[in-house]
Amino acid sequence: MSEKDHKPATKLVEAGRRKEWTSAPGQKGGVVNPPVWRSSTHLYEDTADLAKGRPNADGHFYYGRRGGPTQWALADALTELEPGADGTELFPSGVAAIGCTLMALLAPGDELLFTDNAYEPTRSIAMGMLERFGISARPFDPLDPDGLAAMIGNRTRAVLLESPGSLTMEVCDVPALAEVAREKNLVSIIDNTWASPLGFPALQHGCDVSIMSLTKHVGGHSDLMMGSVSARKPLIGRIRQHSQYMGQVVSPDDAALALRGLRTMQVRLDRTTSSALEISKWLESREEVSAVLCPMLPGAPGHELWKRDFAGGCGLFSFIFRDADKSSRARFIDELDLFGIGFSWGGYESLIIPVDPGRIRDHHEWPPGIDSGCGLGVRLAIGLEDSQDLIADLERGFAAMRD
Ligand SMILES: *Cc1c(COP(=O)(O)O)cnc(C)c1O
């Protein structure tokens with residue numbers, strides 16, 4: 001059985017722990033984890049070695065900006081987890097990964113089509129930063145593959161997907177959208193942060209480039225910012241080159257934290273997925289709630305596509321109040337003890353934020369095609385607490401709304 005045949009949970013444990021990164025020359029055995037190699041200067045054997053140069057790929061000492069064994073071990077592990085990828089580049093944040101990928105793959109005069117339910121900073125990069133470089137960008141309706149096909153013009157170069165969408169959580173038909181892109185020779189890029197390759201092996205589903213904010217599930221402990229891009233050749237080479245132009249590096253200390261988080265990612269995702277499902281079923285039964293936007297929940301928008309394409313979920317979902325105003329919603333949120341108010345997600349602790357994404361959507365009403373109640377919602381990130389305690393906390397929140 002080759003390593004490639006291992007299931008994802010086994011890969012999570014084994015990946016990136018190459019002998020040359022976990023042992024010292026001349027020593028038998030080694031340590032479990034690749035140590036933290038803090039370095040800027042990498043030393044050469046002699047002038048002949050210096051003159052020979054080093055290949056521009058992970059695994060070759062050159063200079064700190066190209067990383068060292070700790071960062072290589074993380075990149076190697078992420079490549080192994082994304083079937084079909086030839087390499088992974090690390091970035092100091094998820095947003096840096098998105099921005100650098102777009103700059104690497106687009107040129108002045110090109111057009112990007114991006115999903116209307118994209119993460120808000122992605123929309124800002126597309127409509128703001130790219131425009132300054134003569135690259136135009138338009139949002140497309142993620143639930144309408146024919147509409148995407150109709151928008152493609154002769155300047156269109158790339159399509160940027162995200163599924164489920166940020167805040168509104170609609171699952172789109174990624175294989176169909178990626179196929180539309182492939183037929184027109186466009187690069188398809190997906191922000192795969194929600195599912196990770198454990199839940200959605202994006203390249204196997206037809207995408208060319210898979211981006212993750214490692215700040216979320218991989219870090220897993222709310223103490224680190226990082227992003228990654230995994231892709232096939234030759235795209236990964238272009239992204240790597242651009243990343244080096246822009247001097248993108250991550251510290252070995254952060255890489256070691258990300259590797260530590262990676263090892264437990266499957267158990268954390270399994271646990272937060274089952275808690276999220278339990279809590280979303282409970283929310284669905286509450287009269288205060290008009291819609292639960294959780295792809296894992298049978299009957300929720302996108303559930304059928306989720307069941308068809310995804311191998312797992314996570315703890316992040318939204319719900320909408322039937323009858324609330326901003327002040328009763330604020331009472332609900334402020335009453336909660338176990339849900340911190342804050343951005344990000346994927347940590348061990350539960351979080352909540354109010355969401356009103358209507359203003360950042362061009363195509364459809366929020367939420368699409370279901371009873372939208374009063375339109376006011378919250379996004380929950382379910383952590384590793386006992387789900388019954390979380391439900392009791394939410395129940396107190398609903399009671400506070402009536403006060
Ligand atoms: C958080 C997030 C990002 C950005 O990642 P950072 O590491 O915070 O820069 C990108 N995409 C999605 C879907 C996210 O939730």
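Residues numbered from 1 in each chain as written. Predicted model: local features only at pLDDT ≥ 70, side-chain atom pairs only at ≥ 80, totals over all residues. Heavy atoms only, no water.

Novice: Tell me about the site of the ligand, and name the residues and values.
Specialist: Taken together, 15 residues form the shell around the ligand, and within it Gly94, Asp191, Ser213, Thr215 and Lys216 come nearest. One of the side-chain nitrogen or oxygen atoms of Thr215 is found 2.6 Å away from an oxygen atom of the ligand. The side chain of Lys216 places a nitrogen or oxygen atom 2.8 Å from an oxygen atom of the ligand. Burial of the ligand by the surrounding chains reaches 92%, relative to a free accessible area of 370 Å². Per element, the largest residue contribution to the shell around the ligand is three residues, and it comes from helix α5 (residues 94-105). Its residues assigned to classes, the shell around the ligand shows six nonpolar, six polar and three charged. (Near = heavy atom within 4 Å. Polar contact = N/O pair within 3.5 Å; in protein donor to acceptor, adjacent residues only side chain to side chain. Areas by Shrake-Rupley, 256 points an atom, 1.4 Å probe, with all protein chains shown as cover. Helix = DSSP H or I, 4+ residues; strand = E, 2+ residues; numbered from the N terminus. Nonpolar A, V, L, I, M, F, W, Y, C, P; charged D, E, K, R; others polar.)

Novice: Could you give an account of helix α10 (residues 235-245), naming the residues involved and the relevant values?
Specialist: Leu235, Ile236, Ile239, Arg240, His242 and Ser243 are the residues of α10 that are buried. Take α10 and look down its axis: the buried residues cluster within an arc of 165°, on one side only. For α10, the secondary structure elements touched by its buried residues are β1 (87-91), α5, β5 (187-191), β6 (209-213) and β7 (227-231). At the C-terminal side of α10, Gly247 shows a positive phi close to 65°. (Buried < 20%, exposed > 50% of the residue type's maximum accessible area, 1.4 Å probe, protein only. Arc of directions from axis to C-beta. Contact = heavy atoms within 4.5 Å.)

Novice: Any chance you could break down the side chain of Thr215 for me, citing the residues and the numbers?
Specialist: Examined against the element boundaries, Thr215 turns out to sit in the loop between β6 and β7. For Thr215, a relative accessible area of 8% gives the class buried. Side-chain polar atoms of Thr215 contact the backbone nitrogen of Met226, separated by 3.1 Å. The residues touching Thr215, leaving out its near neighbours within four places in the chain, are Gly220, Leu224, Met225, Met226, Ser344 and Trp345.

Novice: Could you give an account of the nonpolar core, with specific residues and numbers?
Specialist: One finds Trp194, Leu283, Phe319, Phe332 and Leu380 to be the most contacted residues of the largest nonpolar core, which totals 84 residues. Element by element, the count of residues in this core is highest for helix α4 (residues 69-81), at seven residues. Inspection of this core shows a minimum of three residues originating in each of domain 1 (3-263) and domain 2 (265-402). In this structure Phe319 touches Leu283, Val289, Ala291, Val292, Leu293, Phe332, Leu376, Gly377, Val378, Leu380 and Phe398, once residues within four positions along its chain are discounted. (Core = buried A, V, L, I, M, F, W, Y, C linked by side-chain atoms within 4.5 Å. Domains from an automatic or database assignment.)

Novice: Lay out the sheet that holds strand β4 (residues 156-162) with the relevant residues and their values.
Specialist: Sheet architecture is open: seven strands sit in the order β1-β7-β6-β5-β4-β2-β3, paired in mixed fashion. A strand with exactly one partner marks an edge of an open sheet, and here the two such strands are β1 and β3 (136-140). Geometrically, the sheet is characterised by an average inter-axis angle of 20° between neighbouring strands, direction not taken into account. Of the strand pairs in this sheet, β1 and β7 are connected by five bridges, and their pairing is antiparallel. Paired with Gly87 across the bridge in β7 is Ala231. Across the face of the sheet, α5 comes into contact with β1, β2 (111-115), β4, β5, β6 and β7 while running at roughly 155° to β6. (Pairing = 2+ DSSP bridges. Axes fitted to C-alpha atoms, helices over the stretch in contact; angles between N-to-C directions.)

Novice: Residue-level account of the pattern of salt bridges, with values.
Specialist: Evaluation of the coordinates by the stated rule reveals 20 salt bridges. Asp173 is the partner of Arg308 in a salt bridge, and the nearest nitrogen-oxygen pair spans 2.7 Å. With Arg308 in helix α13 (residues 303-309) and Asp173 in the loop between β4 and α8 (174-183), this residue pair connects regions lying 135 residues apart in the sequence. The shortest N-O distance in the salt bridge between Arg396 and Asp337 comes to 2.9 Å. With Arg396 in helix α15 (residues 387-402) and Asp337 in the loop between α14 (326-335) and β10 (340-341), this pair connects stretches of sequence that are 59 residues apart. Since its relative accessible area comes to 32%, Arg396 is described here as partly exposed. Overall, the relative accessible area of 62% leaves Asp337 in the exposed class. Taken together, the shared-partner salt bridges in this structure form one network comprising Arg286, Glu288, Glu395 and Arg402. (Salt bridge = Lys/Arg side-chain N within 4 Å of Asp/Glu carboxyl O.)

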